[in-house]
Amino acid sequence: MSYFNVESVKYEGAGSNNPLAFKYYNKDQVVAGKPMKEHLRFAMSYWHTLAAEGADPFGVGTYERPWNKLDGIELAKEKAKAGFELMQILGIDYYCFHDVDVVAEGANLQETLNNLDEMADYLENLQKETGIKLLWTTSNMFSHPRFVHGAATSCNADVFAFCAAKVKKMLEIAKRLGAENYVFWGGREGYETLLNTNMELELDNLARFLKMAVDYAQEIGFTGQFLIEPKPKEPTKHQYDFDTATVLSFLRKYNLDGYFKMNIEANHATLAGHTFQHELHTCRINKVLGSIDANQGDMMLGWDTDQFPTNIYDSTLAMYEVLKNGGIAPGGLNFDAKVRRGSFQLDDLIYSYIAGMDNFAKGLLVADKLLQDGVFENFIDTRYRSFTEGIGKDIVEGKVGFNELAEYALKNDEIINESGRQELLETILNNYIYNA
Ligand code: XLS
Ligand code: NI
Ligand code: NI
């Protein structure tokens, strides 16, 4: 059965008025030496696309999804079919899922694991039939009430063990389905109040858990890249994986750096008080840019609204970082985004993915042009030129200390600075967006 009455969404170019066509995403068009699809590596998020119902804290679900009348394993299989159909229509090559997205939990842990195996068989077949691949998978350790006090950071050791069983199974499935990455987003890994929390033990336990995952992956021969997805708040008030800088210091303390990179989500960056580009840039200069959850928040709202990304500044500057990083593979751009509650018709899914894909394709084109012309590179090089000669060069090369510098400063105390030209640079960026 077919769910969407659309055969395929094709590239028609910027002049097209067809709402079911791409205006910028032309998957085989070569940009900076390789086809667009290889730069962008778009992925469908299973949870927002197939499992979500459009509920909010004040109302029940609104999404009209024909498969919702089913239940059990039948529902699970129809959702999978609908998802693969959608990806084929859009020409999306990858998908991502949590264990509970593909099939509901069973009556006990053993039944849950069996259901997962059955769905892994089913997904494996769909992957073979369509050529669609698994960008990453993960385990949901935040929705069920058992995770009320945390998952790997729970005060309850039985919960820690339960999580180990879930992640063990998902690593096996990741291996079997050829997942290119494995994500940890610590939804409940944080705390509400220090009046009842042993933060030191919780962080030690989180590190223990991640080390066990690394060890188990080695044991079974799963070679995908491990990723941590930072988020500063929501659901817990203090999340342990607040942002890239926090995660990096955690990994370094426990000697886990080298095993993990970051999965950067735009909306999480902004919740942390950073721009999306700041997080990507911090990853890039620390060589831990792993993958991207492409979405956007709403500047008026203080939570993770997970909207489809339509902001051209963000997509341009994100692709600028990705290009400077030499690409995002084996990561990709996963649309961790959901349609608004009012966009409840099935075809809204297609319009939303087109919006996100076109926005990032255009962002890629602009970023490529900016880089070709060295727009910011040239400006930045000139701005820091004092460190390429004279005393600046000595500083960089470690040839001077406070004694030499103080001596120098006494003779050179008439400081001359230059403008940072922010507004000029913003205008140049605008012009590239208009014209690229
Ligand atoms: C929630 C996160 C989640 C992760 C995967 O805010 O973005 O969806 O991407 O667990
Ligand atoms: Ni995410
Ligand atoms: Ni999120």
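Structure's up top.
All values derive from a computational prediction rather than experimental measurement.

Reading guide: rules and limits
Residues numbered from 1 in each chain as written. Chains lettered and ligands numbered in written order. Predicted model: local features only at pLDDT ≥ 70, side-chain atom pairs only at ≥ 80, totals over all residues. Heavy atoms only, no water. Helix = DSSP H or I, 4+ residues; strand = E, 2+ residues; numbered from the N terminus. Buried < 20%, exposed > 50% of the residue type's maximum accessible area, 1.4 Å probe, protein only. Polar contact = N/O pair within 3.5 Å; in protein donor to acceptor, adjacent residues only side chain to side chain. Pairing = 2+ DSSP bridges. Donors = N, O, S within 2.8 Å, 3.2 Å for Na, K, Ca; no water. Tetrahedral: all angles 85-135°; square planar, octahedral: opposite > 155°, others 65-115°. Contact = heavy atoms within 4.5 Å. Axes fitted to C-alpha atoms, helices over the stretch in contact; angles between N-to-C directions.

Enquirer: Go over the environment of Asn108 with me, naming the residues and quoting the values.
Expert: Along the chain, Asn108 turns up in the loop between α4 (99-102) and α5 (109-130). Overall, Asn108 belongs to the partly exposed group, its relative accessible area being 42%. Side-chain polar atoms of Asn108 contact the backbone nitrogen of Glu111, separated by 2.8 Å.

Enquirer: Break down the pairing of strand β6 (residues 94-98) for me, citing the residues and quoting the values.
Expert: Burial analysis of β6 places five of its five residues in the buried class, the great majority of the element. Examined bridge by bridge, strand β5 (residues 42-45) and β6 share three bridges and lie parallel to one another. Bridge pairing in β6 places Met44 opposite Tyr95. Pairing between β6 and strand β7 (residues 133-138): five bridges, direction parallel. Paired with His98 across the strands is Thr138, a residue of β7.

Enquirer: Any details on the coordination of the nickel ion (ligand 2)? Residues and values, ideally.
Expert: Taken together, Glu229 (OE), Glu265 (OE), Asp293 (OD) and Asp336 (OD) make up the full set of protein donors to the nickel ion (ligand 2), lying 2.0 to 2.1 Å away. Each of the six donor atoms around the nickel ion (ligand 2) contributes to a set of angles spanning 82 to 175 degrees, which defines the coordination as octahedral. Motif for the nickel ion (ligand 2), donor spacing along one chain: E-x35-E-x27-D-x42-D. Classification of Glu265 as buried rests on a relative accessible area of 1%. Take Asp293: its relative accessible area is 0%, and that puts it in the buried class.

Enquirer: Residues and numbers for the coordination of the nickel ion (ligand 3), please.
Expert: Ligation of the nickel ion (ligand 3) by protein atoms is provided by Glu265 (OE), His268 (NE2) and Asp304 (OD), these donors lying 2.1 to 2.2 Å from the ion. Donor residues for the nickel ion (ligand 3), ordered by position in the chain, follow E-x2-H-x35-D. Between the nickel ion (ligand 3) and the nickel ion (ligand 2) the interatomic distance comes to 3.8 Å, and Glu265 is a ligand of both metals. Taken as a pair, Glu265 and His268 share a single burial class, namely buried.

Enquirer: With reference to specific residues and values, describe the side chain of Asp99.
Expert: With respect to the secondary-structure elements, Asp99 resides in helix α4. Contacts of Asp99, omitting those with residues within four sequence positions, involve Leu116, Thr138, Ser139, Asn140, Lys166 and Met170.

Enquirer: An account of the sheet that holds strand β14 (residues 333-335) is needed here, citing residue identities and associated values.
Expert: Adjacent strands of a sheet pair through backbone hydrogen bonds, lying either parallel or antiparallel. Pairing in this closed barrel of eight strands is parallel, and the strands run β5-β6-β7-β8-β10-β12-β13-β14 around the ring. Strand-to-strand twist in this sheet, taken as the mean axis angle between neighbours without regard to direction, amounts to 30 degrees. Of the strands in this sheet, β6, β7, β8 (181-184) and β10 (225-228) are in contact with helix α6 (residues 157-176), which crosses β8 at around 155 degrees. Packing against the sheet, helix α10 (residues 276-285) makes contact with β12 (260-265) and β13 (289-293), and its axis sits at approximately 165 degrees to β12.

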